[in-house]
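Notes for the structure review
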Amino acid sequence: MFRERKHLQELPSSSGNLPKWTQLQETKKTHKVPFEDNCENECTPQDLIQSWSPPQKRPRICKGKENEDVPFVLARRPRKKRESEAVISWDSLPDELLLRIFHGLPLVDLLKVSRVCKRWHRLAFDESLWHSVDLTRKALLAPALSQVLTAGVVALRCPRTCIGKPSLKNIRSLRVQHMDLSSCTVSVAVLEDIIGRCFRLQDLSLEGLVLSDQVLICLAQNPELLRLNMSGCSGFSAHSLGEMLHHCTRLDELNMSWCEFTSDHVKAAVNNIPESVTQLNLSGYRQNLHIADVEVLVARCPHIANLDLSDNVLLTSDSFQHFCKLPALHQLALSRCYQIHPAALVDFENLPSLKMLEVFGILQDTNLPILTKGLPHIKINSCYFTTIARPTVGSKKNRDIWGISCRLAYRAPFTA
């Protein structure tokens, strides 16, 4: 009923039925061990698998001429495993961290890193890094000024510099709010182009510059203007001056001393100065400022605390009655108002709010102790220069602009 089980060796070989050309190919494979030689024990399949697997590579044994007696083995050194801790690269740092690093760089180094790659160039000119810049004594200011204004500077200090023709074609509105252009060499056309793109100005100094009616019209587009220094300016009409003052309703400090004013300019100024002004400098108008102008001025600006009317020779002691109408008057300058008699200065004892009085040129040094004794609550001739609307006060090393410290500063090379 059951067939007799035959041994594996008794089974007929299947190779007998194969064609002759296949048998010839099998005989050429000399590196393989014949199947029949490994089939003596059917319970050892691992030996059979190993015999049919490809031969393993063995170490290469070499004998050199210098050491023929002692063979040596060439072996590949195993690769070092990578460290578990990944190395931090600059590319892996986030933008916030790079900006914090760039924030500590000076101006020269910040410009250098901006040329490393596109990403660093974008970050190097981020608005947060260019908040305040000092370009004092920069020789070729036109390219630098274009770059700084394009970067979105907020506080710009560049007095006593030569401004060429900066390129601002692609900029409609500048972010600058505090700007010092005092005593710069600049054309009227360039000044009109720069001021015409400013709509957020809060502090501005144009001391010693030649302006135009268009410049004052552009200034009228800055309703947030708080401090304006126009000392020594010229080139504009009385009408444009009145229009500018009429629109700048938030002015707090105004310096219009020693401008090329006629009597019409003076009347346009006192009739349009905003009520918000607390510090005013109208010195240097000699024959053009009258007591009637002082009366109008006091009526329009009752909150004045610091008033400088020096070098107005038409003022007399009759103007003192108008000063008494200023309850907040803290400092008054009447230097070189020669028609004021020294003995009349004692009348200021009726002004308890007054703490500082400048009367250089009126009072001789020998009479100063007598006046000091008569006005014990007032400091007399303690301030030589006015600080009204001035951007920088103190020594030349001071780089602040209206109390704002400039973070980026151009360092001029040392010249003997």
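Everything that follows concerns the structure shown earlier in this document.
How each quantity is defined
Residues numbered from 1 in each chain as written. Predicted model: local features only at pLDDT ≥ 70, side-chain atom pairs only at ≥ 80, totals over all residues. Heavy atoms only, no water. Buried < 20%, exposed > 50% of the residue type's maximum accessible area, 1.4 Å probe, protein only. Helix = DSSP H or I, 4+ residues; strand = E, 2+ residues; numbered from the N terminus. Contact = heavy atoms within 4.5 Å. Pairing = 2+ DSSP bridges. Polar contact = N/O pair within 3.5 Å; in protein donor to acceptor, adjacent residues only side chain to side chain. Axes fitted to C-alpha atoms, helices over the stretch in contact; angles between N-to-C directions. Parallel < 35°, antiparallel > 145°, perpendicular 65-115°, else oblique. Left-handed = near helix turned anticlockwise from the far one by under 90°. Nonpolar A, V, L, I, M, F, W, Y, C, P; charged D, E, K, R; others polar.

Once that is clear, we can look at helix α9 (residues 238-247). Where α9 is concerned, the buried positions are A238, S240, L241, G242, M244 and L245. On its buried face, α9 sits against α8 (213-219), β7 (227-229), β8 (253-255) and α10 (263-270).

Moving on, we get to the sheet that holds strand β16 (residues 408-409). In spatial order, the strands read β13-β12-β11-β10-β9-β8-β7-β6-β5-β4-β3-β16; together these 12 strands make up an open sheet with parallel pairing. A strand with exactly one partner marks an edge of an open sheet, and here the two such strands are β13 (379-380) and β16. In this structure, strand β4 (residues 155-157) lies alongside strand β5 (residues 178-180), joined through three bridges in parallel fashion. Its bridge partner being in β5, L156 is matched across the sheet by M179.

This brings us to the environment of S237. Residue position: S237 is located in the loop between β7 and α9. The exposure class assigned to S237 is partly exposed, which follows from its relative accessible area of 27%. With residues up to four places along the chain from it excluded, the contact list for S237 reads D213 and H265.

The next subject is the side chain of N229. You can see N229 is positioned in strand β7. Side chain to side chain, N229 and S205 meet in a polar contact 3.1 Å long. At a separation of 3.2 Å, a polar atom in the side chain of N229 contacts the main-chain amide nitrogen of S231. With residues up to four places along the chain from it excluded, the contact list for N229 reads L204, S205, L206, E207, N255, A389, R390 and P391.

As a further point, take unusual backbone geometry. One non-glycine residue with positive phi stands out, namely W258, at about 55°. Inspection of the secondary structure puts W258 in the loop between β8 and α10. Of note, N381 is a non-glycine position whose phi angle comes to about 55°, a positive value. The topology assignment puts N381 in the loop between β13 and β14 (400-401). Classification of N381 by relative accessible area gives buried; the value is 16%.

All right, on to the packing of α10 against helix α11 (residues 291-300) then. Between α10 and α11, the shortest axis-to-axis distance is 9 Å and the interhelical angle comes to 20°. As judged from the angle between their axes, α10 and α11 are roughly parallel. Crossing of α10 against α11: the hand is left-handed. Residue-level inspection shows V266, K267 and V270 of α10 in contact with α11, the latter providing D293, V296, L297 and R300. Looking at the contact of α10 with α11 residue by residue, the class counts come to four nonpolar, no polar and three charged.

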